[in-house]
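Each chain, written out:
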Amino acid sequence: MLTAKVEAAERQVSELQADKRKCETEMEDAERRHRSRVSQLQDEQHQLQKAVSRLREELDTASAGLKSKREECVRLEATVSKQASDQVELESSCRGLRAKVEQLENVVSEREIRIAELEDDVALRCHTIEELEAKLRKEETLRRGLHNTIQELKGNIRVFCRVRPLHGEEEAEGKAPITLPACEDSNQIELTQTSENALGRATAKTFPFKFDRVFSPESTQDAVFDEVSQLIQSALDGYPVCIFAYGQTGSGKTHTMQGPDSISSQDMDRPDLGIIPRAVRQIYETTSSLAQRGWEYSLEGQFLEIYNETIQDLLAPSARSAQANGKQPKLDIYQDSQGHTRVKNVTTVSVDSAERVHWLLARAAENRTVAATNCNERSSRSHSVFTLYLQGKNRLTGESSSGVLNLIDLAGSERLSSSGSSGDRLKETQAINKSLACLGDVIAALAKGNRHIPYRNSKLTHLLQESLGAGNSKTLMFVCVNPSPASTQESLCSLQFATKVNSCQIGTAKRQAAS
């Protein structure tokens, strides 16, 4: 029984120990759960603390934002108040602008009516302008006819005399034999020649001369060209015109025709320019004004030299070397289909600007200067001939014109007996005197009205055939006089020759129309 109790007690103890172990196990599990729960709660506490901190920051940010929004609301309230005030002002301004627009619309309406009236007036005036332009074109044609009539009344061959000033040592030679009597028309000159008779007494003989115009030594290039400009206009109107300077060497021919020895493109307005550059300048100015009346012109120029009855081209690119080697192309004179006297193989350049004129004069001067060095003052012993062809057409009326302008600087006219020439110089003087004598023969034949005019007796008269006669030309001769006592005899010969020319009359000039 006791055993049973012991066994029962042992069983009970085992059960209690098992319960104990179970309780210990449960307690350990409970402790683990407790620790886990504590750890979890701690984590939650930490997270909650972080959340609280974040919420506090968000609260602070929200508070600051709220404060900013409140301040912005205050500003917006002020802005709204200002904009409300501005709106009132804008509405007032808008009402004013509407009133102004209505006023401007009334002004525009009035101006549109005025514009319509002005357009009608412009149309009427345009019609009047067209009528006036047509009348102006008719009057231009009439002007050309009247201008030509005036030139014919003055004479289709005219002679001007120009006396150059004394220079340097010439003033010490004594009283000049040239006097210019006071006359209203400035067309008289007297030359006094002093000689000794058989008894050794000095006798003076006065030779009076009368020309179309006499220029004193004080006359300027402007005054000279003012008389010439009317003939330049005749060339533009379609007539052949010839202007040449005659006289002994050193009498002022080249100065009259060209001016100073060297001219740059910047010097085209200087007061001492001669007839050639002034003529081209006048032609440019006139053609520019005529362009408004429908006229269009083309200008072509050439520059020749006649030396020992041989024609030389002063504008040829290789003129100097060709002259030196004798290989220059043969230059023959002929008449083209329009009746103009032309030269084969000659260099003809388009003269389309003032710079082109400068180039043309410089090229010719360069070739003549070199030729003078190589051939013993050849530049003063040759005739230079500048020719300008003027072709004009009026696109409105269909009129056309074809004029030619010859500007010639003749060689010195010294007599053979007084030149003391020999060798090559003798040959030059003989050639010059022959050509000038032929010129005199042609003018004498024209004066007598001969049927045959000996133009072909010299290159000079053949080249100038168109401008010397044929009834449709206008010729002006400048007889240039050296007033020094040493040149009295040469001056007398020049003036006597000029008198023969002045007595010549040619037929009525006829205007040439371009074909």
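Cut-off values and rules
Residues numbered from 1 in each chain as written. Predicted model: local features only at pLDDT ≥ 70, side-chain atom pairs only at ≥ 80, totals over all residues. Heavy atoms only, no water. Phe/Tyr/Trp six-rings, centres within 6.5 Å; stacked < 30°, edge-to-face > 60°. Helix = DSSP H or I, 4+ residues; strand = E, 2+ residues; numbered from the N terminus. Buried < 20%, exposed > 50% of the residue type's maximum accessible area, 1.4 Å probe, protein only. Lys NZ or Arg CZ within 6 Å of the ring centre and 35° of its normal. Expected span 1.5 Å × (residues − 1). Bend = angle between axes of the 7 residues up to and from the residue. Contact = heavy atoms within 4.5 Å. Polar contact = N/O pair within 3.5 Å; in protein donor to acceptor, adjacent residues only side chain to side chain. Pairing = 2+ DSSP bridges. Salt bridge = Lys/Arg side-chain N within 4 Å of Asp/Glu carboxyl O.

Our focus in this paragraph is the packing of aromatic side chains. Per the stated rule, a full pass over the model turns up seven aromatic pairs. Measuring from ring centre to ring centre gives 4.5 Å for Tyr246 and Phe497, while their planes differ by 20°; the resulting arrangement is stacked. Placement of Tyr246 in strand 6 (residues 240-246) and of Phe497 in helix 11 (residues 488-502) is noted, with a sequence separation of 251 residues between them. Of the two residues examined, Tyr246 and Phe497, each falls in the buried class. Three or more aromatic residues joined by ring pairs form one cluster here, namely Phe160, Phe215 and Phe478. For the cation-ring pair, Arg342 lies above Tyr389, with the distance from its terminal atom to the ring centre recorded as 3.6 Å.

The subject of this paragraph is helix 2 (residues 221-236). Between the first and last C-alpha of helix 2 there are 22 Å, a value that for 16 residues agrees with the 22 Å anticipated at 1.5 Å per step. At Glu227, helix 2 shows its maximal kink, close to 40°. Among the residues of helix 2, those classed as buried are Gln221, Val224, Phe225, Val228, Ser229, Leu231, Ile232, Gln233, Ser234, Ala235 and Leu236. After helix 2 finishes, the residue Gly238 shows a positive phi value of roughly 105°.

This part covers the environment of Tyr389. Tracing the backbone through its elements, the reader meets Tyr389 in strand 12 (residues 383-394). What makes Tyr389 buried here is its relative accessible area of 2%. Along the sequence, Tyr389 and Leu236 sit 153 residues apart, while their C-alpha atoms lie 9.3 Å from each other. Setting aside residues up to four positions removed in sequence, Tyr389 forms contacts with Ser298, Leu299, Glu300, Gln302, His340, Thr341, Arg342, Gly403 and Val404. A polar atom in the side chain of Tyr389 sits 2.9 Å from the backbone oxygen of Thr341.

A word on the sheet that holds strand 4 (residues 202-210). Taken together, the three strands give an open sheet; going across it, the order is 2-3-4, and neighbouring strands pair in antiparallel fashion. Where the open sheet ends on each side, the last strands, each with one partner, are strand 2 (178-179) and strand 4. Looking at chain direction, strand 2 and strand 3 (residues 188-196) are connected through two bridges and run antiparallel. Paired with Thr179 across the bridge in strand 3 is Glu190.

With that settled, the discussion passes to the environment of Ile432. Along the polypeptide, Ile432 turns up in helix 8 (residues 424-448). Judged by relative accessible area, Ile432 falls into the buried class, the value being 3%. In this structure the C-alpha to C-alpha distance between Ile432 and Ser413, which are 19 residues apart in sequence, comes to 7.2 Å. Not counting the four nearest positions on each side in its chain, Ile432 is found in contact with Arg381, His383, Ala411 and Gly412.

Once that is clear, we can look at the pattern of salt bridges. Tallying each qualifying case throughout the model produces nine salt bridges. The residue Arg32 makes a salt bridge to Asp29 at a minimum N-O spacing of 1.7 Å. A residue pair is termed a helical-turn pair when its members lie 3 or 4 positions apart in one helix, as Arg32 and Asp29 do in helix 1 (residues 2-154) at three residues. The class for Arg32 is partly exposed, based on a relative accessible area of 42%. One salt bridge connects Arg114 with Glu117, and the closest N-O pair in it is separated by 3.4 Å. Taken together, the residues span about one helical turn, with Arg114 and Glu117 both in helix 1 at a distance of three residues. Judged by relative accessible area, Arg114 falls into the partly exposed class, the value being 46%.

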